[in-house]
Amino acid sequence: MMEMSIQHENSDTNEVSGSRSCLYDLFCSETPGLDTLSQRERWMSSGPQKRLENLIRQAGNKYCADCGSLEPKWVSSSLGVFICIKCSGIHRSLGVHISKVLSLNLDEWTDEQVDALVKLGGNTLINKKYEACLPSNIKKPKPNSSIEERYDFIRKKYEFLQFLDTEENLSCPFVPFHAKNSSNSQYNSSNNNALHNKRHYDKVPTKNRFGNAFRNNWTKKDSDHKNAKKSNSLVGMIEFVGLIKVNMVKGINLAIRDVMSSDPYVIISLGHQTVKTRVIKNNLNPIWKESLMLSIPDDIPPLKMVVLDKDTFSTDDFMGEVEINIEPLVSAAKACEKSSTIESIQLGKLVANGDNTLTKDGIIFLEDGKVKQEVSVRLQHVERVTIW
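Treat the numbers as computed from the prediction; the structure is a model and nothing was measured.

A. Examining the environment of Ala 352 more closely. Counting through the fold element by element, Ala 352 comes out in the loop between β11 (345-350) and β12 (362-367). Considering only alpha carbons, one finds Ala 352 and Ser 376, 24 residues apart in sequence, at a separation of 9.6 Å.

Structure, rendered in structure tokens:
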């Protein structure tokens, strides 16, 4: 089964403001009726999805932390920021060691994940930290900014930490736009000392560092130069129109690749993105029941699946492949984007016939506010009949 969500970003922008209070305190102060311990405990026990919805409604989280787009639908659970679909693609290109992106609608949230998000503080607090030293000559992206502009800013902000408030009383290497000194000579003198301190800091591993703990200013500049050359090939430079959640359920009657059985797993790709399931040992009828996420590029390529047999001492054996056209699913999701219908309804279907690999009609339907499609396909380029 496949589920997907489509969001289109609002072109309006808004300044994010707030205090350094933690998001939980901010929520309690802004929400009538949460001023007693029992009421706060009731909120804490209301379930992860309900608590997440409450967090989304907070002032700073109503806008993308990086470009200001209205009603962001994604969040970086590792950084604690709510972001729009366009900026989420850039965050994914940074790697999960820097920013782990989750969908507010499609992912299943746990109490522990929401607790961690609350502790991080939300957009207002995180931006005060990661944009504390934002220089006047660098502007934040806007909702209509290009992918290149977003990519450059987000990498500087979260990967290279160029605007970071280190919380260790280090001097900023830049003059913040809100505190620029009118005396250039005084600034140049103090800036030299600040740059020396920051170079020393860059060489020291800390819990706030991501990636290489020994990265310094020279390597940052060198990395900037190298990455500029290959940025056009990165997934983060691609415009995304939505997110698709693939629930890989099971395989039936798969091909034998070992003596009596196989160790199958599935690689799923969409454009330049690739994810894979776990390996099921010694099973020709594997049951995965795994959920895998991919972003949908603007050109909407087919969803490709390749089944392989895992081998320890040799190349993994091919067990079959198939392509699935997801354009009807995307079109249905776009059509239902503004719908307020809560009833389960059928939106369309792909008819199984000799021109496709479907083993039965693929029904597209709306359920719980999500557009879904159940797909059962026959693997191709395999020597025996295989049902998927």
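Text resumes after the structure shown.
B. How the structure looks around the pairing of strand β7 (residues 273-276). Across four bridges, strand β6 (residues 264-270) lies against β7 in antiparallel orientation. In the sheet register, Ser 269 faces β7, and the bridge partner there is Thr 274. Between β6 and β7, which pair antiparallel and follow one another directly, the connecting turn spans two residues, one of which, Gly 271, has a positive phi of 70°.

C. Geometry of the side chain of Thr 357. The topology assignment puts Thr 357 in the loop between β11 and β12. A residue is classified by how much of its surface remains accessible, and Thr 357, at 16% relative accessible area, is buried. Among all residues touching Thr 357, those that are not within four sequence positions of it are Val 322, Glu 323, Ser 376, Val 377, Arg 378 and Gln 380.

D. Region of interest: the pattern of salt bridges. In the structure shown here, the tally under the stated rule is 12 salt bridges. As a salt-bridge pair, Glu 290 and Arg 278 come within 2.9 Å of each other at their nearest N and O atoms. Taken together, the residues Glu 290 in strand β8 (residues 287-297) and Arg 278 in the loop between β7 and β8 connect sequence positions 12 residues apart. Judged by its relative accessible area of 41%, Arg 278 falls in the partly exposed class. For the salt bridge of Lys 304 with Glu 323, the shortest nitrogen-to-oxygen distance reads 3.9 Å. With Lys 304 in strand β9 (residues 303-309) and Glu 323 in strand β10 (residues 317-324), this residue pair connects regions lying 19 residues apart in the sequence.

E. Here's a closer look at the packing of helix α3 (residues 48-56) against helix α5 (residues 111-120). In the contact formed by α3 and α5, the axes pass within 9 Å of each other and the chain directions differ by 25°. What the angle tells us is that α3 and α5 run roughly parallel. As for how α3 packs across α5, the hand of that crossing is left-handed. Here α3 contributes Pro 48, Arg 51, Leu 52 and Leu 55 to the contact with α5, which in turn contributes Asp 111, Val 114, Asp 115, Leu 117 and Val 118. Split into classes, the residues belonging to the contact of α3 with α5 amount to six nonpolar, no polar and three charged.

F. Fine view of helix α10 (residues 327-335). Within α10 the residues assigned to the buried category are Leu 329, Val 330, Ala 332 and Ala 333. Buried positions in α10, seen along its axis, are confined to an arc of 160° and lie on one side of it.

G. Examining the packing of aromatic side chains more closely. What the rule picks out here adds up to two aromatic pairs. Centre to centre, the rings of Tyr 130 and Tyr 158 are 5.4 Å apart; their planes meet at 50°, and the pair counts as tilted. Here Tyr 130, found in helix α6 (residues 122-130), pairs with Tyr 158, found in helix α7 (residues 147-159); they are 28 residues apart in sequence, far enough to count as distant. Just as Tyr 130 is buried, Tyr 158 falls in that class too.

H. Geometry of the nonpolar core. With 34 residues, the main nonpolar core has Ile 244, Ile 268, Ile 296, Leu 303, Met 305, Ile 326 and Val 371 as its most contacted residues. At the level of secondary structure, the elements contributing two or more residues to this core comprise β5 (240-250), β6, β8, β9, β10, α10 and β12. Counting residues in hydrophobic clusters, the runner-up holds 29 residues, among them Val 81, Ile 85, Leu 94 and Phe 163.

I. Spotlight on the packing of helix α4 (residues 85-94) against α7. Running from N to C, α4 and α7 point in directions that differ by 50°, and their axes come no closer than 10 Å. Taken as axis vectors, α4 and α7 run oblique relative to one another. Regarding α4 and α7, the two cross each other, and that crossing is right-handed. Together, Lys 86, Cys 87, Ile 90, His 91, Ser 93 and Leu 94 of α4 and Ile 147, Arg 150, Tyr 151, Ile 154, Arg 155, Tyr 158 and Glu 159 of α7 make up the contact between the two elements.

J. Seen up close, α3. Those residues of α3 lying buried are Pro 48, Arg 51, Leu 52, Asn 54 and Leu 55. Around the axis of α3, the buried residues are gathered within 160° of arc, so they sit on the same side.

K. Molecular detail of the side chain of Asn 247. With respect to the element layout, Asn 247 can be found in strand β5. Residue Asn 247 is classed as buried on the basis of its relative accessible area of 15%. Reaching out from Asn 247, the side chain makes a polar contact with the side chain of Ser 291 at a distance of 2.5 Å.

Definitions and limits used
Residues numbered from 1 in each chain as written. Predicted model: local features only at pLDDT ≥ 70, side-chain atom pairs only at ≥ 80, totals over all residues. Heavy atoms only, no water. Helix = DSSP H or I, 4+ residues; strand = E, 2+ residues; numbered from the N terminus. Pairing = 2+ DSSP bridges. Buried < 20%, exposed > 50% of the residue type's maximum accessible area, 1.4 Å probe, protein only. Contact = heavy atoms within 4.5 Å. Salt bridge = Lys/Arg side-chain N within 4 Å of Asp/Glu carboxyl O. Axes fitted to C-alpha atoms, helices over the stretch in contact; angles between N-to-C directions. Parallel < 35°, antiparallel > 145°, perpendicular 65-115°, else oblique. Left-handed = near helix turned anticlockwise from the far one by under 90°. Nonpolar A, V, L, I, M, F, W, Y, C, P; charged D, E, K, R; others polar. Arc of directions from axis to C-beta. Phe/Tyr/Trp six-rings, centres within 6.5 Å; stacked < 30°, edge-to-face > 60°. Core = buried A, V, L, I, M, F, W, Y, C linked by side-chain atoms within 4.5 Å. Polar contact = N/O pair within 3.5 Å; in protein donor to acceptor, adjacent residues only side chain to side chain.

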